[in-house]
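# Fold and contact review
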Amino acid sequence: MLPPEGVLTRDLAEWLPRQRWFGGKDGPIDHLTIGTTTQLLTGDPALHHLVLDVHQNTTTDHYQLLLGTRHHLPDRLRHAEIGAPPEDGADGADGTRARLYDAVYDADLTRTLLDGLAAEASVGPLRFRRAGGAGIRTDLTSLPITTEQSNTSLLFGDDYICKLFRRLSSGVNLDLEVNLALTRAGCAHVPAVLGWIELEPRDGGDGEPVTLGLLSDYLRTGANGWSLAIASVRDWYAHTMPPGEDEWAELDASAAGGDFAAEAGRLGAATAEVHRALADAFGVTTVPADEVRAMAARMNAELTAACRAVPPLAPHAKALTGAFVDLAAQAAPLPVQRVHGDYHLGQVLRTESGWTLLDFEGEPARPPAERRALAHPLRDVAGMLRSFEYAARFLVTKAGAVPAESGRSLETRAHAWAARNRAAFCRGYASAGGADPAAHASLLRAFEFEKAVYEVRYEARNRPSWLPVPLRSLAHLTS
Ligand SMILES: Nc1ncnc2c1ncn2[C@@H]1O[C@H](COP(=O)(O)OP(=O)(O)O)[C@@H](O)[C@H]1O
Ligand SMILES: O=P(O)(O)O[C@H]1O[C@H](CO)[C@@H](O[C@H]2O[C@H](CO)[C@@H](O)[C@H](O)[C@H]2O)[C@H](O)[C@H]1O
C-alpha cells in the first residue's frame, strides 16, 4: 500500500530535483500533486505507475514514475530509494509501511512492461500497444542503460530497448510518431518499433493518448557516432608531425590512422535518405519568404536573450547577427518538412549494416510546439556540422587531454579535422539526393549559428564545464 498522499508528495518533491532527467532545475518546486496512480502489480513487491504534476512558477509539468514498494529493500535497490526509511524499522512484518523506490532499477517489476506489451493489455488508463505483428519475448531481464539521458531506457536482454519518457508531453510523442512512420515505411536507418505504452486522456475526453514508453529493437552491435568521432580526433592529435612540417594544416588528415571522413560521408548519405523518407511519410510544404524573415528575426531574438544569459557569447553577437541579417535579406520561399530536430553525433549509431538515427524528439530545451515545427532539412545538416566542430575541439578544450602545444597550432589541427569531416558529410548528403549544402550557404550558416547559440545556453545551464567548447568553435567560425 502507498503511504498517505501528503507523505508521498513530500518525499517525491524532495527526491525529484536530484534526478538527472528532471527538467525543472532552474527553480524550486512550488507544489507537487499526484495526477494519476495505476497499480500494475499487487503483492510484495508491488508496482504503481504514477504521473506527477509538478507546479513551478507559472507552469505545470508532468513526469512519469514507476514506483516500487517492498517491505524488505535489498541492498541492490537502496540507491533508488525515495524518501527516508520508516523510523520504526523497515520490516513489514510488524505493520510498518513499505519502502518506496524508483522501480526502473528492479528487474522483478519491469518485466510487467514486457508482459503488458506482449498481451496488448489495458490496466486502468494505461494501454500497452504492439506494433503490427511484432512478437515480443517476455523472458528477458531488464537493466537501465547508464548513458546520460533526458529519459530512462531499459535494456531487455540484448534484444529490446524500452525508453520510458520522463517528462511527458501532451499527445503522441514525436519519437514514437516518427519512428513508427519510418518503421512502417521500411526505412533501414531507424531501429524497428515493436510496441509502445500510452495513457488515456485524464478527463476521459477524446484527446490523444499521452505516450509513456517506446519499445524498439536494440542494435547490440551499434557504436555511438560521438565515440567513433572522438577516437578519430584522438588519433589525429596523437599523429606525429613529420620532420620539417610546422603547420598541421599542411598535413593530410587521411594520413592519421583513425580517419573518419569515409564514415562522415556515409552518415551524410544516410541522413539524406532519412530526410527523403520523412518527406514521403509526412509531406513537404513551402513557407513564403515572409516566414523566412520571421525565422531570421526569431534567431536574432534568441541570440539577444542568450547574450544576456551567457555574457561570454556577447563578443560574437555582431558576426552572428550578420548571418541572420543575410538570411532575411536573401529570403525566398522555403520547402519545409519533418526533420530530426536535435541532430548530433550522439544521436547516431554505426552498425555493421550502416548508420542508424535515434531520438527524434527535438531539442529538449524547447517547448513541444517548437519541437514539432517543420523545418528545412539543412537545419539537421547544420546540427551535424556543429557536432564535428564539437568533436574537434572537445579534447583541446579539456585541458591535458592532448600534448602541450601552442594554442594556435592546436586550433589549426582542430580546424583541419572538422573541415575534412564537414566536407565529407556534405558531399555524402548531396550525393544521396539531399539539398546541396554548398548551394545554400547563407541558410546553412544561419542554421549553424542558431544551433551554436542554443548550445551555449544548453551548456551554461546543464554542463558549465563544456561551455568553452561551443565558445571556442564560435571564435573560429565568426573570425
Ligand atoms: N535502438 C537502440 N539500439 C542501441 N542503442 C540505443 C538504441 N536506442 C537508444 N540507444 C542508446 O541509448 C542512448 C540514449 O537514447 P536516446 O533515444 O537518445 O535517449 P534520450 O532521449 O533520453 O537522450 C543513445 O545515445 C544510444 O547509445
Ligand atoms: O541528446 P539530447 O537530446 O539530450 O541533446 C542535448 O544534449 C546534447 C549533449 O548530450 C547536446 O549536444 C551537444 O553536445 C554534443 C556532445 O556531447 C555534441 O555532439 C552536439 O553537437 C552538441 O550540440 C544537444 O545540443 C542537446 O540538445
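Everything numeric in this text was worked out from a predicted model, so none of it was measured.

Moving on to the overall build of the protein chain. The helix and strand inventory of the protein chain stands at 12 helices and 18 strands. Against the 2.2 N^0.38 benchmark of 23 Å for 479 residues, the protein chain shows a C-alpha radius of gyration of 24 Å, consistent with a compact globule. For the protein chain, the residues scored as buried account for 53% of the 479 residues in total. Taking the contacts inside the protein chain whose residues are at least 6 apart along the sequence as the reference set, 68% of them involve residues at least 24 apart. When the accessible surface of the protein chain is split by element, carbon and sulfur atoms take 53% of a total near 20700 Å². With 47 positive and 60 negative side-chain charges, the protein chain shows a spacing of 3 Å between the two charge centroids.

What follows is about the environment of L8. By the secondary structure assignment, L8 is in helix α1 (residues 5–15). Residue L8 is classed as buried on the basis of its relative accessible area, which comes to 4%. Between the C-alpha atoms of L8 and G83, which are 75 residues apart in sequence, the distance is 8.2 Å. If sequence neighbours within four positions are ignored, L8 has contacts with L2, P3, I34, L50, L67 and L100.

A word on the domain arrangement of the protein chain. What the domain assignment lists for the protein chain is domain 1 (5–105), domain 2 (108–217) and domain 3 (223–477). Distance from the C-alpha centre of domain 1 to the C-alpha centre of domain 2: 22 Å. Taken together, the 29 residues of domain 1 in the interface contact 25 residues of domain 2. At the boundary of domain 1 with domain 2, total buried surface from both sides reaches about 2200 Å², with 62% on carbon and sulfur atoms. Area buried by domain 1 at its contact with domain 2 is led by W21, Q64 and V104, which between them contribute 28% of it. Taken together, domain 1 and domain 2 are joined by 4 salt bridges. Across the salt bridge formed by R70 and D108, the nearest N and O atoms sit 3.1 Å from each other. Counting residues per element, the ones that place at least two in the side of domain 1 that touches domain 2 are β1 (31–41), β2 (46–56), β3 (59–70) and β5 (99–102). Considering each element in turn, the side of domain 1 that touches domain 2 owes the most residues, 8 residues, to β3. Its residues assigned to classes, the side of domain 1 that touches domain 2 shows 14 nonpolar, 9 polar and 6 charged.

This paragraph deals with the site of ligand 1. In the vicinity of ligand 1 lie 17 residues, with N151, K163, D217, L219 and D359 positioned nearest. L219 places a polar main-chain atom, nitrogen or oxygen, 2.8 Å from a nitrogen atom of ligand 1. At a separation of 3.0 Å, an oxygen atom of ligand 1 approaches a polar side-chain atom of D359. Coverage of ligand 1 by the protein amounts to 87% of the 560 Å² it exposes when considered alone. Per-class residue counts for the shell around ligand 1 are 7 nonpolar, 6 polar and 4 charged. Three or more residues apiece are contributed to the shell around ligand 1 by two domains, here domain 2 (108–217) and domain 3 (223–477).

Moving on: the pattern of salt bridges. Under the definition given, this model contains 38 salt bridges. E177 is paired through a salt bridge with R338; the nearest N and O atoms lie 3.2 Å apart. Of this pair, E177 sits in helix α3 (residues 174–184) while R338 sits in the loop between β16 (334–337) and β17 (348–351), and the two are 161 residues apart along the sequence. Assessed through its relative accessible area of 11%, R338 is described here as buried. Among the ionic pairs, R266 bridges to E263, the shortest N-O distance being 3.4 Å. Here R266 pairs with E263, and both are found in helix α5 (residues 261–282), just 3 residues apart, close to one helical turn. Several salt bridges converge on common partners, so that one network encompasses E302, D342, E363, R366, E370, R379, E450 and K451.

Our focus in this paragraph is the sheet that holds strand β7 (residues 126–130). Pairing within the open sheet is antiparallel, and its 7 strands lie in the order β6-β7-β12-β13-β10-β9-β8. In this open sheet, the two edge strands, each paired with only one partner strand, are β6 (122–123) and β8 (142–144). One ladder, built from 6 bridges, connects strand β12 (residues 193–199) with strand β13 (residues 210–217); its direction is antiparallel. What sits directly across from E198, in β13, is T211.

What follows deals with the site of ligand 2. The local shell around ligand 2 holds 15 residues, among which D342, S387, Y454, E455 and Y458 are the closest. Within the side chain of Q347, a nitrogen or oxygen atom sits 3.4 Å from an oxygen atom of ligand 2. Here S387 contributes a side-chain N or O atom positioned 2.7 Å from an oxygen atom of ligand 2. Summarising the interface, the protein chains cover 88% of the accessible area of ligand 2, which totals 540 Å² for the free molecule.

Here the focus is the packing of α3 against α5. Axis separation between α3 and α5 bottoms out at 10 Å; the angle between their running directions is 95°. What the angle tells us is that α3 and α5 run roughly perpendicular. On α5, the residues touching E177, V178, A181 and L182 of α3 are V274, A277, L278, A281 and F282. Residues of the contact of α3 with α5, tallied by class, amount to 8 nonpolar, no polar and 1 charged.

With that settled, the discussion passes to the pairing of β1. Relative to β2, β1 runs antiparallel, the two being bridged by 9 bridges. Bridge assignment links Q39 to a residue of β2, and that residue is H48. Turn length for the β1-β2 hairpin, with the two strands adjacent in sequence and antiparallel, is 4 residues, and the turn residue G43 shows positive phi of about 105°.

Burial in α1 covers these residues: L8, T9, D11, L12 and W15. Mapping the buried residues of α1 onto a view down its axis gives an arc of 165°, with all of them on the same face. Structural note: α1 exposes G6 and R10 on the side pointing more than 90 degrees away from its buried face. Among the structural elements, β1, β2, β3, β4 (81–82) and β5 are those in contact with the buried residues of α1.

About the thresholds
- Residues numbered from 1 in each chain as written.
- Chains lettered and ligands numbered in written order.
- Predicted model: local features only at pLDDT ≥ 70, side-chain atom pairs only at ≥ 80, totals over all residues.
- Heavy atoms only, no water.
- Helix = DSSP H or I, 4+ residues; strand = E, 2+ residues; numbered from the N terminus.
- Rg over C-alpha atoms; globule rule 2.2 N^0.38 Å.
- Buried < 20%, exposed > 50% of the residue type's maximum accessible area, 1.4 Å probe, protein only.
- Contact = heavy atoms within 4.5 Å.
- Areas by Shrake-Rupley, 256 points an atom, 1.4 Å probe, with all protein chains shown as cover.
- Lys, Arg positive; Asp, Glu negative; His and termini not counted.
- Charge placed at Lys NZ, Arg CZ, Asp CG, Glu CD.
- Domains from an automatic or database assignment.
- Buried area = accessible area lost by both parts, 1.4 Å probe.
- Salt bridge = Lys/Arg side-chain N within 4 Å of Asp/Glu carboxyl O.
- Nonpolar A, V, L, I, M, F, W, Y, C, P; charged D, E, K, R; others polar.
- Near = heavy atom within 4 Å.
- Polar contact = N/O pair within 3.5 Å; in protein donor to acceptor, adjacent residues only side chain to side chain.
- Pairing = 2+ DSSP bridges.
- Axes fitted to C-alpha atoms, helices over the stretch in contact; angles between N-to-C directions.
- Parallel < 35°, antiparallel > 145°, perpendicular 65-115°, else oblique.
- Arc of directions from axis to C-beta.

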